[in-house]
Amino acid sequence: MAQTQRLSARLAGGRSNITKAAGETSPTCLPRGCGPAGMWAVGDHRRLPGDAEPQPHSRPRHPGARTMLPLLLLLLPAAHGIARLGPRPALTQEQLEGLTTASTFVLEQPRCVFGEYGNAVIWLVVALDKDASAFNSSSAVPGTPETAFQSFPDPVRAYMTLNATLSSYPCPKPPGDITVLRVGSETSCAQDTTRPTCNGPLPGPGPYRVKFLALEGAVPVADTEWSMPIMLRTAKSPSSIPTTSGGHNAGMIAIATIISILFAILLAGLVAMLVFWGSDSCGGSSSFSKPESVTVRRYNTHHVYDQPAARL
């Protein structure tokens, strides 16, 4: 017992010296008293034999914990991920004129692709080939300045257009139904900023990439892969058009021109001859000469005369 008291006094003396060295003016008493075993330096959590186990305590809540909660709730739908569906969009295989023009191209409709999302609205996303990888489907919002056609391709890198419900793409395809989408066919809204989802003419030859994105409300739920690059046609300037076709020189073109002129002269002469013959034949058949008048002369013989009635 005495040995235990001496050990306690020695430990208390050592702690008192540590406290003084740290600048403490007076010892801090624990709730159980200010005895040799009760004097501790501030922050000293060592236990003596017989002390009770320390009670666990919780850390103070971070001041920004409450502000982070709404953000986490907003990001919760995106945490589930967007379903990636196939096949990827492609130009139609129908035999159509103008499959690609200087400002439009024709896609196959996404039939039998989004069948599991009956309440979704399906959008077409159009981007330049070099900017397609920067588009984030999880944060895409149609009808906003960030996805408006009128600002494409700078500063808007991808715009959203041709929204349709799943009923517009029935599966399987009904017989005789049109199954194509022409991208860039609307010209009336190309400069109308009140219609950010305009399907306006494409501003250049590309190449472009497209994908379909399905949204339920404002939440993206599924999309497709990007299409292969699509190039549009470019108009040639008159100076770039060759004046001679392959294999034909200027001499042959001159000979063909002379022959054409001679043929035209010969044809004109033939027509004139036919007209002359026609007028001549019509004139001969339609003109009637007046018949000459026939005069009948009275002829009396000189030896025959009328006898007077009396001589008879």
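Residues numbered from 1 in each chain as written. Predicted model: local features only at pLDDT ≥ 70, side-chain atom pairs only at ≥ 80, totals over all residues. Heavy atoms only, no water.

1. Describing the state of the cysteines
Next, step 1: Summed over the entire model, instances satisfying the criterion amount to 2 disulfides.
Next, step 2: Each sulfur of the disulfide joining Cys 112 and Cys 171 lies 1.6 Å from the other. Of note, the bridge from Cys 112 to Cys 171 carries an S-S torsion of about 100° and is right-handed in sense. With Cys 112 in the loop between β4 (105-108) and β5 (121-128) and Cys 171 in the loop between β6 (158-165) and β7 (180-183), this residue pair connects regions lying 59 residues apart in the sequence.
Next, step 3: Residue pairing for Cys 189: its cysteine sulfur links by disulfide to Cys 198, the two sulfurs lying 1.9 Å apart. Taking the torsion about the S-S bond as the criterion, the Cys 189 to Cys 198 disulfide, at about 75°, is right-handed. (Disulfide = S-S within 2.5 Å. Helix = DSSP H or I, 4+ residues; strand = E, 2+ residues; numbered from the N terminus.)

2. Some thoughts on the nonpolar core
Next, step 1: If you look at the biggest cluster of nonpolar residues, it comprises 31 residues, and the most contacted ones within it are Phe 105, Leu 107, Phe 114 and Val 126.
Next, step 2: Discounting chain neighbours no more than four positions away, the residues touching Val 126 are Phe 152, Arg 157, Ala 158, Tyr 159, Val 183, Leu 202, Tyr 208, Arg 209 and Val 210.
Next, step 3: If you look at the next biggest cluster of nonpolar residues, it comprises 11 residues, including Val 125, Met 160, Leu 215 and Trp 226. (Core = buried A, V, L, I, M, F, W, Y, C linked by side-chain atoms within 4.5 Å. Buried < 20%, exposed > 50% of the residue type's maximum accessible area, 1.4 Å probe, protein only. Contact = heavy atoms within 4.5 Å.)

3. Some points on the pattern of salt bridges
Next, step 1: Applying the stated criterion to the full structure yields 9 salt bridges.
Next, step 2: Across the salt bridge formed by Arg 84 and Asp 223, the nearest N and O atoms sit 2.7 Å from each other. In this pair, Arg 84 is assigned in strand β3 (residues 83-85) and Asp 223 in strand β9 (residues 219-224), connecting sequence segments 139 residues apart.
Next, step 3: Owing to a relative accessible area of 48%, Arg 84 belongs among the partly exposed residues under this scheme.
Next, step 4: Its salt-bridge partner being Arg 195, residue Glu 186 comes within 3.0 Å of it at the nearest N-O pair.
Next, step 5: Of the residues examined, Glu 186 reaches a relative accessible area of 25% and is grouped as partly exposed.
Next, step 6: The partly exposed category is assigned to Arg 195, whose relative accessible area is 35%.
Next, step 7: Counted as one network, the salt bridges with shared partners bring together Arg 84, Lys 211, Asp 223 and Glu 225. (Salt bridge = Lys/Arg side-chain N within 4 Å of Asp/Glu carboxyl O.)

4. Some words on the pairing of β9
Next, step 1: Where burial is concerned, most of β9 is hidden: 5 out of the 6 residues are buried.
Next, step 2: As judged from the 3 bridges shared by β3 and β9, these two strands associate in the parallel manner. If you follow Leu 85 over to β9, its bridge partner there is Thr 224.
Next, step 3: Across 4 bridges, strand β8 (residues 208-216) lies against β9 in antiparallel orientation. Considered in β9, the bridge of Glu 216 is made with Val 219.
Next, step 4: Hairpin connection of β8 to β9: 2 residues between the antiparallel strands, including Gly 217 at a positive phi of 70°. (Pairing = 2+ DSSP bridges.)

5. Describing unusual backbone geometry
The phi angle of most residues is negative, glycine excepted, and most peptide bonds adopt the trans form.
Next, step 1: A cis geometry characterises the amide bond from Gly 86 onward to Pro 87, with omega recorded as 5°.
Next, step 2: In this structure, Pro 87 sits in the loop between β3 and β4.
Next, step 3: The residue after Asp 154, namely Pro 155, is reached through a cis peptide bond having omega 10°.
Next, step 4: The phi torsion at Cys 112 lies on the positive side, around 60°, for a residue other than glycine.
Next, step 5: The residue Leu 162 is not glycine, and still its phi comes out positive at about 55°.
Next, step 6: Looking at the element boundaries, Leu 162 is found in strand β6.

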